[in-house]
Amino acid sequence: MKLGEEIISILNRIDGRGYKAYLDLKGSYDFNYFTLFIDHVQRDPFASPSLLRVEIPDHSFPRELYQNKTRKIALEDYISRAFAEGIEKRVKGRKGSGKSGILRIDQGRQEVMERSCVNISPRVLEIRFELGLPARGRRIMGSEAQKLLTRVLPEIVSCSCFYGNLPAPEIARHVQGYEDAEHIRQQLVKEGLVAFIANDSILPRESGISPKPLPRAVAFKSPDKITVSLETADGNLVQGMGIPEGVTLIVGGGYHGKSTLLQAVELGVYNQLPGDGRELVITREDAVKIRAEDGRRIEKVDVSSFIHHPPGVGDTTDFSTENASGSTSQAANIIEALEAGSKLLLFDEDTSATNFMIRDERMQRLVNKDKEPITPFIDRVGELYHDQGVSTVLVMGGSGDYFQEADTVIMMDHYQPRDVTMDARNIAREMPINRKTEAPGKFHYQKRHPRPESIQPYKGQRLKLDSRGISTLIIGALMVDLSSVEQLVESSQTRAISYALYQLARNYPHRNSSVTVKNVLDDLDEEINRNGLDYLAPPGRKNPHNLARPRRYEIAAALNRLRSCKMNI
């Protein structure tokens, strides 16, 4: 290990030389109160920035702040945001060409989740980040590099990585808020609930592209009939609306907040930042948003409970296509979610295939059942709950036929919920429908077994795993479109999914055909729980700095959309 002053000596020596001379910096440096590791040096100012770490042995954070996994995730998230704030205050613009002067850490948005960029233990606090080493053209700017590494970086470390230099009440609030959300989530199953929305929550967002709360928005207030009280981690009670297990409809006029409520519920699988307005909008972890997805690939999915004997296809117990229709894709999305372990499905009629959701009495009379291969979801939704234990939450503004299937009906009126369950039941009795149930048999599906050799993470001889934004995953020569996987919220999750698929291909090459999709996802969860996100890193990518933990359901979604992937039934 070199002393921190040696960086200055190296930078003076290579100042003005060709950019590759920056490779001389690789190594570790003692800065007295922290150690700097320069793990990877970019070879060109236009290439991805260099990868650095700092380790702080005497960080002074009280052990109680990270005494269990829940608190540890929250504290690490806070530190990453404090480090990012330190960068924002001290790095003003870029000087030089390409990515010169970029200094960044994988900071989250509104969601607080497990990340690879910060790791804390009683022994050491580790921060992983990236730096664009400065250049003019392709010549080293030694003085600018000195400023960043020997002045700016130590200031950022000092202000963000030591407990005594941070606001203790703010840290406590951050950790406590995350712990409260997890504590409430653990109570949902016991209380027979799928989601909880605390009173005074702010659900509307600032805009369609901003996840921040809308200023002066109407605060949420639960209807009395479905108000429940749940405990926070410290034993305090919080009141709000409990969405019970079963079939729940969210109804109401346009622009009254139906989709806003559903979006809050679908993102309630994550815990939110203090001040987000949705800190105590808590959903069971296994909730999956289901939608139509024209054009997606389907690989040997048993959709026969919804699609049976379509013309030119026949058997649909192992249905495959490279270009699915809206209804077929929605059927496959349901089966794939259940296959991954979900017991809670979320629907919005705006993103659903109409002919998949409902076939009314008039259409049944005009088009006989023997000419219609689709069993609409309305004829399975009750069975899914009663026989399979799968609850459903649907935004439904255009079809009252679902009243007969609903256990709970919530009307949104000017962004406020009303319990109209009894009104809906009375209407269903007063205006009976004569449509026929079109389910030909009991709901079922066959388990699938992935063929790991069909996952091809290499492009030629080069391992290629990455993300392009949130919605595009890169694996080998293929790009996977995840734009319709609505519960992905960060590109760091998408990148982690590409790494997870690599591990699937690597760790299951010799397994027998009995390994199911669920087995693979269970194993991945177990390994990440035991070893952290570093488990996902492929060879040559030790100490990954930009991974956020994806849920098993989004990993499964990517696997199912990977066009090279093959399955056995």
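Placed above this text is the structure.
Just so we're clear, the structure is a prediction, and the values are computed from it rather than from any experiment.

Visitor: Would you mind going over the overall build of the chain in detail, with residue names and values included?
Guide: Check the secondary structure of the chain and you find 13 helices and 32 strands. Taken along the three principal axes of its C-alpha coordinates, the chain extends 85 × 55 × 40 Å. A buried classification covers 57% of the 569 residues belonging to the chain. Sequence-distant contacts, at least 24 apart, represent 73% of the contacts inside the chain between residues at least 6 apart. Within the structure as shown, the chain displays about 24700 Å² of accessible surface, and the carbon and sulfur contribution to it stands at 47%. Here the chain contributes 77 positively and 76 negatively charged side chains, and the mean placements of these two sets differ by 6 Å.

Visitor: Could you give me a rundown of helix α3 (residues 142-160), with the residues and numbers involved?
Guide: The terminal C-alpha atoms of α3 lie 26 Å apart, and with 19 residues this matches the ideal 27 Å at 1.5 Å per residue to within 8%. Among all positions of α3, only Gly 142, Glu 144, Ala 145, Gln 146, Leu 148, Leu 149, Val 152, Leu 153, Pro 154, Ile 156, Val 157 and Ser 160 are buried.

Visitor: Which residues make up the sheet that holds strand β18 (residues 281-283), and what values go with them?
Guide: One open sheet accounts for four strands, arranged β14-β15-β11-β18; its pairing is antiparallel. Single-partner strands in this sheet number two, and they are β14 (227-231) and β18. Within the sheet, the average angular offset between the axes of one strand and its neighbour, ignoring direction, is 35°.

Visitor: Any details on the packing of helix α6 (residues 326-340) against helix α13 (residues 552-561)? Residues and values, ideally.
Guide: Two numbers describe how α6 lies on α13: the axes approach to 10 Å, and their chain directions differ by 130°. Between α6 and α13, the interaxial angle falls into the category oblique. Where α6 crosses over α13, the two elements pack in a sense that is right-handed. The residues of α13 that touch α6, namely those facing Asn 333, Glu 336, Ala 337 and Ala 340, are Arg 552, Tyr 553, Ala 556, Asn 560 and Arg 561. The residue inventory of the contact of α6 with α13, partitioned by class, reads four nonpolar, two polar and three charged.

Visitor: Can you tell me about unusual backbone geometry, naming the residues and giving the values?
Guide: Not every positive phi belongs to a glycine, and Tyr 255 is a case in point at roughly 70°. Among the secondary structure elements, Tyr 255 is positioned in the loop between β16 (247-251) and α5 (258-267).

Visitor: Which residues make up the pairing of strand β4 (residues 50-56), and what values go with them?
Guide: Burial within β4 is extensive, with five of its seven residues counted as buried. Sheet topology note: the strand β3 (residues 35-40)/β4 ladder contains five bridges and is antiparallel. Residue Leu 36 lies in a different strand from β4, and its bridge partner there is Val 54. Two strands pair when backbone bridges link them, and β4 and strand β8 (residues 125-131) are joined in this way by seven bridges, in the antiparallel orientation. The partner of Leu 52 across the bridge, within β8, is Phe 129.

Visitor: Go over the state of the cysteines, please, and point to the residues and values.
Guide: Applying the stated criterion across every chain yields a total of zero disulfides. Free cysteine Cys 159: the closest other cysteine sulfur is in Cys 161, separated by 7.7 Å. The class for Cys 159 is partly exposed, based on a relative accessible area of 22%.

Visitor: Any details on the packing of aromatic side chains? Residues and values, ideally.
Guide: Across all of its chains, the model carries twelve aromatic pairs by this definition. Plain terms: the ring middles of Phe 31 and Phe 34 are 4.8 Å apart, the flat faces sit at 10° to each other, and that makes the pair stacked. Accessibility expressed as a relative area gives 1% for Phe 34, which makes it buried. Seen in terms of ring centroids, Phe 347 and Phe 377 are 4.6 Å apart; in terms of plane orientation they differ by 35°. Their pairing is tilted. Of this pair, Phe 347 sits in strand β22 (residues 344-348) while Phe 377 sits in the loop between α8 (361-366) and α9 (381-388), placing them 30 residues apart in sequence. Each of the two residues, Phe 347 as well as Phe 377, counts as buried. Sitting above the plane of the Phe 37 ring, Arg 53 keeps its charged end 4.3 Å from the centroid.

About the thresholds
Residues numbered from 1 in each chain as written. Predicted model: local features only at pLDDT ≥ 70, side-chain atom pairs only at ≥ 80, totals over all residues. Heavy atoms only, no water. Helix = DSSP H or I, 4+ residues; strand = E, 2+ residues; numbered from the N terminus. Buried < 20%, exposed > 50% of the residue type's maximum accessible area, 1.4 Å probe, protein only. Contact = heavy atoms within 4.5 Å. Areas by Shrake-Rupley, 256 points an atom, 1.4 Å probe, with all protein chains shown as cover. Lys, Arg positive; Asp, Glu negative; His and termini not counted. Charge placed at Lys NZ, Arg CZ, Asp CG, Glu CD. Expected span 1.5 Å × (residues − 1). Pairing = 2+ DSSP bridges. Axes fitted to C-alpha atoms, helices over the stretch in contact; angles between N-to-C directions. Parallel < 35°, antiparallel > 145°, perpendicular 65-115°, else oblique. Left-handed = near helix turned anticlockwise from the far one by under 90°. Nonpolar A, V, L, I, M, F, W, Y, C, P; charged D, E, K, R; others polar. Disulfide = S-S within 2.5 Å. Phe/Tyr/Trp six-rings, centres within 6.5 Å; stacked < 30°, edge-to-face > 60°. Lys NZ or Arg CZ within 6 Å of the ring centre and 35° of its normal.

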